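# A closer look at the structure
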Amino acid sequence: MNAKCKARLARWSVYAGAAFTIIVLASIVGYILFKGIPNLTPQLFAWKYNTENVSLMPALINTLLMTALSLLIAVPLGIGAAIYLTEYARRGNRLVKLVRITAETLSGIPSIIYGLFGSLFFVVALKIGLSLLSGALTLAIMILPLIMRTTEEALLAVPDDYREGSFGLGAGRLRTTFKVVLPSAISGILSGVILGIGRIVGETAALIYTAGTVPEVATSLFDSTRTLSVHMYAISSEGLYIDQSYATAVVLLVIVAGINALSACVAKQIGRKNHGEV
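Residues numbered from 1 in each chain as written. Predicted model: local features only at pLDDT ≥ 70, side-chain atom pairs only at ≥ 80, totals over all residues. Heavy atoms only, no water.

### Focus: the packing of helix α5 (residues 132–156) against helix α8 (residues 186–202)
Two numbers describe how α5 lies on α8: the axes approach to 8 Å, and their chain directions differ by 160°. Between α5 and α8, the interaxial angle falls into the category roughly antiparallel. Relative to α8, the crossing made by α5 is right-handed. Along its contact with α5, which presents L139, M142, I143, L146, I147, T150, T151 and A154, the element α8 presents G188, I189, G192, L195, G196, R199 and I200. (Axes fitted to C-alpha atoms, helices over the stretch in contact; angles between N-to-C directions. Helix = DSSP H or I, 4+ residues; strand = E, 2+ residues; numbered from the N terminus. Parallel < 35°, antiparallel > 145°, perpendicular 65-115°, else oblique. Left-handed = near helix turned anticlockwise from the far one by under 90°. Contact = heavy atoms within 4.5 Å.)

### Some thoughts on a nonpolar patch on the surface
Nonpolar side chains collect at one region of the surface, where Y84, Y88, L95, L98, L174 and F178 lie side by side and expose about 630 Å² of accessible area between them. Mapped onto the nonpolar patch, the elements with two or more residues apiece are α2 (57–88), α3 (94–107) and α7 (173–184). By the secondary structure assignment, L98 is in helix α3. Judged by relative accessible area, L98 falls into the exposed class, the value being 52%. (Patch = residues over 30% accessible without salt bridge, like charges linked within 9 Å, V, L, I, M, F, W, Y side chains within 5 Å. Areas by Shrake-Rupley, 256 points an atom, 1.4 Å probe, with all protein chains shown as cover. Salt bridge = Lys/Arg side-chain N within 4 Å of Asp/Glu carboxyl O. Buried < 20%, exposed > 50% of the residue type's maximum accessible area, 1.4 Å probe, protein only.)

### Things to note about the pattern of salt bridges
Side chains that carry opposite charge are capable of pairing whenever their charged atoms lie near each other. Summed over the entire model, instances satisfying the criterion amount to 6 salt bridges. Between R100 and E152 there is a salt bridge whose closest N-O contact spans 2.4 Å. Here the residue R100 occupies a position in helix α3, and E152 occupies one in helix α5, the gap between them amounting to 52 residues. For R100, a relative accessible area of 25% translates into the label partly exposed. Classification of E152 by relative accessible area gives buried; the value is 0%. Each of R100, E104, R149, E152 and E153 takes part in one network of salt bridges that share partners.

### Looking at α2
Here α2 contains 32 residues, and its C-alpha end-to-end distance of 45 Å stays within 8% of the 46 Å for a straight helix at 1.5 Å per residue. At L71, α2 is deflected by roughly 30°, the largest bend along its length. (Expected span 1.5 Å × (residues − 1). Bend = angle between axes of the 7 residues up to and from the residue.)

### Thoughts on the layout of surface pockets
There is about 150 Å³ of room inside the second largest pocket. Forming the walls of the second largest pocket are Y162, G165, S166, L169, A171, R175, K179 and V180. For the lining of the second largest pocket, the secondary-structure elements that each account for two or more residues are α6 (160–168) and α7. For the lining of the second largest pocket, the residue count by class is 4 nonpolar, 2 polar and 2 charged. (1 Å grid on protein atoms, 1.4 Å probe; cavity = no way out; pocket = protein on both sides within 12 Å on 5 of 7 lines; lining within 4 Å. Points joined across faces, edges and corners; volume = space filled by probe spheres on them. Nonpolar A, V, L, I, M, F, W, Y, C, P; charged D, E, K, R; others polar.)

### Brief notes about the packing of aromatic side chains
Taken as a whole and assessed by the stated rule, the structure comprises 5 aromatic pairs. Plain terms: the ring middles of W12 and Y15 are 5.4 Å apart, the flat faces sit at 85° to each other, and that makes the pair edge-to-face. Separated by 3 residues within a single helix, W12 and Y15 lie in helix α1 (residues 3–36), roughly one turn from each other. Arranged with centres 5.0 Å apart and planes meeting at 70°, the rings of F121 and F122 form a pair that is edge-to-face. A residue is classified by how much of its surface remains accessible, and F121, at 37% relative accessible area, is partly exposed. The rings of F117, F121 and F122 are connected pair by pair, giving a single aromatic cluster. Taking NZ or CZ as reference, R173 lies 5.9 Å from the ring centre of Y88, over its face. For R226, the ring lying beneath its charged end belongs to Y49, and the centroid distance is 5.6 Å. (Phe/Tyr/Trp six-rings, centres within 6.5 Å; stacked < 30°, edge-to-face > 60°. Lys NZ or Arg CZ within 6 Å of the ring centre and 35° of its normal.)

What follows is the structure, encoded as structure tokens:
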């Protein structure tokens, strides 16, 4: 087989893989929409949950609270660690290699292990109990390696010419990092945050052990509560509310798609602003 045939075979293999991925994704999303949209009733959005309306509104509010609190903890730590590893630590440092290996290892740990750790440490040892705070701390630990690694890759992708030009103009390392490097890597950083949000919204196992399954809106950080994914698991496991489970899945899809679209729009606006300043 000559080089031309090999190149053609490789190209068509890529096309086939992409087509297969699109078909599978469209099939899953289409099936969920087909089964869930007809079951989106006003009763599902009642402010109070009971066994008659099986409202998802408390879980929806709790999902937003859990996501915001987890990101508030994980994003500054993850971005700060990535800035140190790329901008301040000496390249080739053994500590940097150790942190990267540790982050990659933590990324591969199953979520139920995080849930058991959160249950033993936050719920039992620190006596926080099954609560919104315990769940958010556990999820923050889960997504911290993801945000740190994606941010680090985004910062490493910024050309060194940008840094050297800033230094040549008399800017210090701190000003160069926050005025030149970070704005140039904002798209990659937002991608990591989006992936983290997706993992938070879809997490179930870790939250059952740390946040509980109470179907009420959390009024404090120490209230036990449930998110949309836990709500969907709870009502589907009973076998009585399968239709409502599909409706909940539709709401989850809409939330994730909306977050992705909003983040892409923000990244585009920031990119245009940076190019305009240049």
